[in-house]
Amino acid sequence: MLQKSLLLVLLIFTCNLKAQNRSLQIEKITENLYTYTTYQTFNGTLYSCNALYLLTQDGVVLFDTPWDKQLNQPLLDSIQQKHQLAVVKVFATHWHEDRAGGFEFFNRLGIATYASQKTNQKLADEGLATAMHTFDDEAVFTVGKDVFELLFVGEGHTFDNIVVWFPQQSVLDGGCLVKSIAATDLGYIAEANLQAWPTTIINIQKRFENAKFIIPGHDNWKGQGHLEHTLKLLKEHKRD
């Protein structure tokens, strides 16, 4: 009987682990910078959502929280198991649920959360969990020996969307402001500034022309041409 019970527990654990692996995918970009991709259904369609985390000597810094709130704890568990490090800071690149929806969870654990002043005010206005700390339109953070910059380059997907630049890795986290080369449309644009968005992307092209990787907010993040494709989608939408 004991053997059967142990076998049942092992089977449940294995099934849960496999389900978690299907809904949470972690891939290395550089030596200490990773993407984590989660999945969520929106209007009946399954979408992938890309976010990043940075390994530092002082712990892990998370950039955006999982779209699916049920993956908050599995993400922490996966990072701890994979790197033997704890998450110490969490940043959001804009106010939507696929970026800042996990603030309540991380605040409850006492993990420092950060958002721009614009983002935090919008979260407060919507009655949503806010970040513990705020920063201006341009801010530089140093955690351990690692440096990253948070920048508001202009409106686009939302009025508050920012990008994250990792100068030591030459990687730009574009968030939902940048569309993947795999995207067939602009996605959710109910709050978008379609007039400003092209200029914002052009400014990103000029400012980060030496970026080795530019990570879009959704769909396939690998390859090149995400910024150019975003401009193409914006032009096509304007013609429509």
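Residues numbered from 1 in each chain as written. Predicted model: local features only at pLDDT ≥ 70, side-chain atom pairs only at ≥ 80, totals over all residues. Heavy atoms only, no water.

Student: Could you clarify how one ought to interpret the overall build of the protein in this entry?
Tutor: Scanning the protein from terminus to terminus reveals 7 helices and 12 strands. Against the compact-globule benchmark of 18 Å for 240 residues, the protein has a radius of gyration of 18 Å, which places it among compact chains. For the protein, the spread of C-alpha atoms along the three principal axes comes to 70 × 40 × 40 Å. When burial is assessed residue by residue, the protein has 50% of its 240 residues classed as buried. At a minimum sequence separation of 6, the contacts of the protein that also span at least 24 residues come to 57%. Counting every atom, the protein has about 12000 Å² of accessible surface; 51% of that belongs to carbon and sulfur. Where the 21 positive side-chain charges of the protein centre and where its 26 negative ones centre are 6 Å apart. (Helix = DSSP H or I, 4+ residues; strand = E, 2+ residues; numbered from the N terminus. Rg over C-alpha atoms; globule rule 2.2 N^0.38 Å. Buried < 20%, exposed > 50% of the residue type's maximum accessible area, 1.4 Å probe, protein only. Contact = heavy atoms within 4.5 Å. Areas by Shrake-Rupley, 256 points an atom, 1.4 Å probe, with all protein chains shown as cover. Lys, Arg positive; Asp, Glu negative; His and termini not counted. Charge placed at Lys NZ, Arg CZ, Asp CG, Glu CD.)

Student: Sorry, what's going on with the sheet that holds strand β3 (residues 45–56) here?
Tutor: Each strand in a sheet pairs with its neighbour through backbone hydrogen bonds, running either in the same direction (parallel) or in the opposite one (antiparallel). Pairing within the open sheet is mixed, and its 7 strands lie in the order β1-β2-β3-β4-β5-β6-β7. Of all strands in the sheet, those bounded by a partner on one side alone are β1 (24–30) and β7 (133–135). Within this sheet the neighbouring strands show an average axis-to-axis angle of 25°, counted without direction. Alignment of strand β4 (residues 59–63) against strand β5 (residues 87–91), held across 4 bridges, turns out to be parallel. Bridged to V60 within β5 is V87. On the sheet, helix α2 (residues 72–83) packs against β1, β2 (33–42), β3, β4 and β5 and is oriented at approximately 45° with respect to β1. (Pairing = 2+ DSSP bridges. Axes fitted to C-alpha atoms, helices over the stretch in contact; angles between N-to-C directions.)

Student: Would you mind showing me how to read the sheet that holds strand β11 (residues 171–175) here?
Tutor: Read from one edge of the open sheet, 5 strands run β8-β9-β10-β11-β12, paired in mixed fashion. With partners counted over all chains shown, the strands left at the sheet margins are β8 (138–143) and β12 (213–216), one partner each. Averaged over all adjacent pairs, the angle separating strand axes in this sheet is 20°, with direction ignored. Looking at chain direction, strand β9 (residues 146–151) and strand β10 (residues 163–166) are connected through 3 bridges and run antiparallel.

Student: Could you clarify how one ought to interpret the environment of L194 in this entry?
Tutor: Considering the arrangement of structural elements, one finds L194 in the loop between β11 and α6 (197–207). Put simply, L194 and L150 are 44 residues apart on the chain and 22 Å apart in space, counted from C-alpha to C-alpha. What L194 contacts, discounting residues up to four positions off in sequence, is L186, I189, L234 and H237.

Student: Explain the pattern of salt bridges here, please?
Tutor: A side chain with one charge can pair with a side chain of the opposite charge if their charged atoms come near. Within this structure, the stated rule accounts for 7 salt bridges. One salt bridge connects E27 with K222, and the closest N-O pair in it is separated by 2.7 Å. Of this pair, E27 sits in strand β1 while K222 sits in the loop between β12 and α7 (226–239), and the two are 195 residues apart along the sequence. We classify K222 as partly exposed; its relative accessible area is 40%. Residue K118 pairs with D137 through a salt bridge whose shortest N-O separation is 3.7 Å. One end of the pair, K118, is in helix α5 (residues 117–125); the other, D137, is in the loop between β7 and β8, and 19 residues separate them in sequence. Residue class for D137 comes out partly exposed when judged on its relative accessible area of 35%. Among the charged side chains, a network of salt bridges with common partners joins D64, D98 and R99. (Salt bridge = Lys/Arg side-chain N within 4 Å of Asp/Glu carboxyl O.)

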